[in-house]
Amino acid sequence: MKATGFISLWTLVLLPCVQLANPAEHEDVVKHAIKLHRGKGAVMAQRKQWVLESCRKLSGLLRQKNVVLNKLKNAIRAVEKDAGLSDEEKLFQVHTFEIFQKELNESENSVFQAIHGLQRALQGDYKDVVNMKESSRQRLEALREAAIKEEMEYVELLAAEKHQVEALKNIQHQNKSLSMLDEILEDVRKAADRLEEEIEEHAFDDNKSVRGVNFEAVLRVEEDEANSKSNTSKREVEDDLGLSMLIDSQNNQYILTKPRDSTIPRADHHFIKDIVTIGMLSLPCGWLCTTIGLPTMFGYIICGVLLGPSGLNSIKSIVQVETLGEFGVFFTLFLVGLEFSPERLRKVWKISLQGPCYMTVLMIAFGLLWGHLLQIRPTQSVFISTCLSLSSTPLVSRFLAGSVRGDKEGDIDYSSVLLGMLVMQDVQLGLFIAVMPTLIQVGVSTYSSIFKEVLRILILIGQILFSLAAVFLICLVIKTYLIGPYYRKLHTESKGNKEILILGITAFIFLMLTITELLDVSMELGCFLAGALISSQGHMVTEEIMSCIEPIRDFLAIIFFASIGLHVFPTFVIYELTVLLFLTLSVVIMKFVLAVLVLSLILPKTSQYIKWIVSAGLAQVSEFSFVLGSRARRAGIISREVYLLILSVTTLSLLLAPALWRAAIMKCVPRPERRSST
């Protein structure tokens, strides 16, 4: 039927040509048509024959596979029953047969998966982008699973090769007598094998089937200088040690955190280079800022800008640098608490508790008002307002360095009020991080479920208040029964050896940090309370510990401020300079005015004059807005544009803070006290 239809079609096409052509040409035209028809038919016949032959080959291969699998099963049973083979030889041979069985089965599965993929692709609608995306995702999943299976098979082959080598060694040892040294080395080898098996965690096998684990394709990148022939040996060593960098399809970069073989010491040379570079460049940057009258911390921020993604882009281990910088915050707050005795804390605790709460509520109220006028989602308005309500504790701590004075004639010291409010804001930060998942759910919930989410937020607030009560109860017990004997023991053991004192104080800081972390309160509060508890032992104790901890704090603070500079993008600031300056000045003025208003209501009449200095210290945005902003961007609360605006406003407010602080000090602080404040 097909051939008949084909001839009829060609007859209709060629009939006019035959009528128009000369009689001598009729025969050539007819021969050409027959030739074309025969060629087409030959191609169709060849295709049909190819399909039949391929099906016969595939069917024959499948039958042959089943025969081979039966033979392998019989061979495994024969090996297991063979009494002449040692346990190592049996293990090796059985392992090899099982690997071959698995390879045959996987090859068969790959064929049918390819057929199923072709069928799914032919049935798909490629005018629909969503359908194409889903098909691509399914193919990626199949490829990832195939890659994982192949990797596992390769690892099993390596294990089989190892068993084979061990079996050959055992045979050689049985055939010849060993010297005493060879016997010792053989015992050491067996002990090393047992040690390797004991410490190996099998993290890949244990986690590949865990819910939420995804298979990703990554690139393994070596050092640039490793391309040269002179460094070939270095590259091979690094490849064996697993010190290369991995990059996934989302451009995230990874480094080795825990090696398979823990017996070999390793070092992250990227991180070492980054810390060395920051340390060297921080000196001229800090020196330059000191020369022109700016705080040195801005030199460290400039150092981070120059080395970060917006500058030379030479920092490879950004996450590790930021993590180390967090310890600078811990030690800074410890020294703040060390200068902040419990007596002073009791004197300003009401102001410290009420002030930040009132300011946060007012900031959120203004944020919702502006968000309603600008048609911004309420969840986004609440988040932005909360971020902007926080102030930088490390920055103000540097302002107050050496300016803490005793109270005079019953007045409240501005440094006590300012530090108390900042510490309370750190507690609010922990509360807001805990509430953020609920805030995300509120943003996607219907009005019928908002009541449940608000109830959940209230429950979380109650949990935080309970945790705070537990923390202060623990502090009371430590102050009454533990801190005195603990310090006296440290002081006795550290005579002539300061490292015991430093280690003991650091351990106490980390203990308080861990306690507050376990109770879902901010770690920064634990560091502050550790300093406040130690300061209760007297002025001499405070001076001794401060002299030991300050150098550590200074170095880690350099890393912290440099890590802030890694997130400053000067090009973006220059492009949107007018908008950013307007937003920054608006935020600074609003925070200053709200702080003055709140402090006017809660400060005693005899201490009203300090409200200007405290408000100036609070009129900037905390660097922790970087952390909150990154989490909110990943969660979809804010967009990329809003995130960059928050980063830029935070940076500019921190740059304006020293000028506002100096203006407040010049206006409100008497001249004898001004020298120590600036």
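All figures in this text were calculated on a predicted structure; none of them were measured in a lab.

1. Some details on the overall build of the protein
Phase 1: For the protein, the count of helices and strands is 24 helices and 3 strands.
Phase 2: Every one of the 678 residues in the protein was classed for burial, and the buried ones make up 36%.
Phase 3: Across the protein, contacts joining residues at least 24 apart in sequence account for 74% of those joining residues at least 6 apart.
Phase 4: Within the structure as shown, the protein displays about 40200 Å² of accessible surface, and the carbon and sulfur contribution to it stands at 64%.

2. Let's talk about the sheet that holds strand 2 (residues 245-248)
Phase 1: Judged by pairing direction, the sheet is antiparallel, and its 3 strands sit side by side in the order 1-2-3 without closing on themselves. Of all strands in the sheet, those with a lone pairing partner are strand 1 (218-221) and strand 3 (253-254), marking the two edges.

3. A look at helix 8 (residues 269-291)
Phase 1: Along its 23 residues, helix 8 runs 34 Å from first to last C-alpha, staying within 8% of the 33 Å computed at 1.5 Å per residue.
Phase 2: Where helix 8 bends most, at Ser282, the angle is about 30 degrees, and the proline Pro284 comes one to four residues later.
Phase 3: In this structure Asp268 caps helix 8, since a side-chain oxygen of it lies 3.2 Å from the backbone nitrogen of His270.
Phase 4: Just beyond helix 8, the residue with positive phi is Gly293, at close to 90 degrees.

4. Structural notes on the nonpolar core
Phase 1: Ranked by internal contacts, the top residues of the largest apolar core, which has 95 residues, are Phe334, Phe383, Ile505, Met512, Ile534 and Ile545.
Phase 2: The contact partners of Ile534, leaving out residues within four places of it in the chain, are Phe334, Leu338, Ile483, Ile505, Phe508, Val541 and Ile545.
Phase 3: Within the second largest apolar cluster, 10 residues are counted, among which are Ile275, Cys303, Val321 and Ala562.

5. A look at unusual backbone geometry
Across residues other than glycine, the phi torsion is negative in most instances, and most of the peptide bonds are trans.
Phase 1: A positive phi angle is found at Asn313, which is not glycine, with a value near 55 degrees.
Phase 2: Among the residues examined, Asn313 registers a relative accessible area of 42% and is labelled partly exposed.
Phase 3: Despite not being glycine, Gln375 has its phi angle at roughly 60 degrees, a positive value.
Phase 4: Assignment of secondary structure puts Gln375 in the loop between helix 11 (342-373) and helix 12 (378-389).
Phase 5: The class for Gln375 is exposed, based on a relative accessible area of 76%.

6. Regarding the side chain of Lys65
Phase 1: Mapped onto the secondary structure, Lys65 falls in helix 2 (residues 23-81).
Phase 2: Apart from the residues lying within four places of it in its own chain, the contact partners of Lys65 are Leu104, Asn105 and Glu108.

7. Concerning the packing of helix 20 (residues 577-602) against helix 23 (residues 640-668)
Phase 1: At their nearest, the axes of helix 20 and helix 23 sit 9 Å apart, and the two run at 60 degrees to each other. Of the possible angle classes, the one that applies to helix 20 and helix 23 is oblique. Both helix 20 and helix 23 take part in a crossing whose hand is right-handed. The residues of helix 23 that touch helix 20, namely those facing Leu580, Leu583, Thr584, Leu585, Val587 and Val588, are Leu645, Ser648, Val649, Leu652, Ser653, Leu656 and Leu660.
Phase 2: A class-by-class count of the residues in the contact of helix 20 with helix 23 yields 10 nonpolar, 3 polar and no charged.

8. Remarks on the pairing of strand 2
Phase 1: Inspection of the sheet shows strand 1 paired to strand 2 by 4 bridges, in the antiparallel sense. Each residue of the ladder has a partner; that of Val221, found in strand 2, is Met245.
Phase 2: Judged from the 2 bridges that link them, strand 2 and strand 3 form a sheet pairing that is antiparallel. Bridged to Ile247 within strand 3 is Gln253.
Phase 3: Here strand 2 hands over to strand 3 after 4 residues, with Asn251 in that stretch at a positive phi of 65 degrees.

9. Digging into the pattern of salt bridges
Phase 1: Following the criterion strictly, the structure yields 4 salt bridges and no others.
Phase 2: With its nearest N and O atoms 3.2 Å apart, the salt bridge here joins Lys489 to Glu493. Taken as a pair, Lys489 and Glu493 lie in helix 15 (residues 447-493) at a separation of 4 residues, close to a single helical turn.
Phase 3: Since its relative accessible area comes to 52%, Lys489 is described here as exposed.

10. Side note on a nonpolar patch on the surface
Phase 1: Residues Phe366, Leu369, Trp370, Leu373, Leu374 and Ile376 make up a contiguous nonpolar surface patch of roughly 600 Å² in combined accessible area.
Phase 2: Structurally, Ile376 can be placed in the loop between helix 11 and helix 12.

11. Let's talk about the environment of Arg640
Phase 1: Assignment of secondary structure puts Arg640 in helix 23.
Phase 2: The spatial distance from the C-alpha of Arg640 to the C-alpha of Ser630 is 9.4 Å, given a sequence separation of 10 residues.
Phase 3: Among the polar contacts listed, one links the side chain of Arg640 to the side chain of Glu641, at a separation of 3.2 Å.

12. Focus: the packing of helix 21 (residues 611-618) against helix 23
Phase 1: Interhelical geometry of helix 21 versus helix 23 gives an angle of 175 degrees and a closest axis separation of 9 Å. Between helix 21 and helix 23, the angle is such that the two are roughly antiparallel. Counting all contacts with helix 21, which are made through Trp612, Ile613, Ala616 and Gly617, the residues of helix 23 involved are Leu660, Trp661, Ala664, Ile665 and Cys668.
Phase 2: Its residues assigned to classes, the contact of helix 21 with helix 23 shows 8 nonpolar, 1 polar and no charged.

13. Details of the side chain of Arg553
Phase 1: For Arg553, the location among the structural elements is in helix 18 (residues 539-565).
Phase 2: Apart from the residues lying within four places of it in its own chain, the contact partners of Arg553 are Phe331, Thr332, Leu335 and Arg398.

14. Here's the deal with the packing of aromatic side chains
Phase 1: Applying the stated criterion across every chain, the model contains 8 aromatic pairs.
Phase 2: When the centroid spacing of 5.7 Å and the interplanar angle of 80 degrees are considered together, the rings of Phe327 and Phe330 count as edge-to-face. Separated by 3 residues within a single helix, Phe327 and Phe330 lie in helix 10 (residues 318-338), roughly one turn from each other.
Phase 3: With a relative accessible area of 6%, Phe330 lands in the buried category.
Phase 4: Ring centres 6.0 Å apart and planes at 75 degrees place the aromatic pair Phe327 and Phe510 in the edge-to-face group. Of this pair, Phe327 sits in helix 10 while Phe510 sits in helix 16 (residues 498-518), and the two are 183 residues apart along the sequence.
Phase 5: Ring pairing ties together the aromatic residues Phe327, Phe330, Phe331 and Phe510, which thus form one cluster.

15. Here we look at the confidence of the model for the protein
Phase 1: Summarising the model, the protein shows a mean pLDDT of 76, and 74% of its residues fall at 70 or more.
Phase 2: Confidence drops under a pLDDT of 50 for residues 1-23, and excluding neighbours within four residues, the segment shows 11 contacts in the predicted structure.
Phase 3: In the model, residues 404-410 has pLDDT below 50 throughout and makes 14 contacts with residues more than four positions away in sequence or in other chains.

Parameters at a glance
- Residues numbered from 1 in each chain as written.
- Predicted model: local features only at pLDDT ≥ 70, side-chain atom pairs only at ≥ 80, totals over all residues.
- Heavy atoms only, no water.
- Helix = DSSP H or I, 4+ residues; strand = E, 2+ residues; numbered from the N terminus.
- Buried < 20%, exposed > 50% of the residue type's maximum accessible area, 1.4 Å probe, protein only.
- Contact = heavy atoms within 4.5 Å.
- Areas by Shrake-Rupley, 256 points an atom, 1.4 Å probe, with all protein chains shown as cover.
- Pairing = 2+ DSSP bridges.
- Expected span 1.5 Å × (residues − 1).
- Bend = angle between axes of the 7 residues up to and from the residue.
- Polar contact = N/O pair within 3.5 Å; in protein donor to acceptor, adjacent residues only side chain to side chain.
- Core = buried A, V, L, I, M, F, W, Y, C linked by side-chain atoms within 4.5 Å.
- Axes fitted to C-alpha atoms, helices over the stretch in contact; angles between N-to-C directions.
- Parallel < 35°, antiparallel > 145°, perpendicular 65-115°, else oblique.
- Left-handed = near helix turned anticlockwise from the far one by under 90°.
- Nonpolar A, V, L, I, M, F, W, Y, C, P; charged D, E, K, R; others polar.
- Salt bridge = Lys/Arg side-chain N within 4 Å of Asp/Glu carboxyl O.
- Patch = residues over 30% accessible without salt bridge, like charges linked within 9 Å, V, L, I, M, F, W, Y side chains within 5 Å.
- Phe/Tyr/Trp six-rings, centres within 6.5 Å; stacked < 30°, edge-to-face > 60°.
- pLDDT = per-residue confidence, 0-100.

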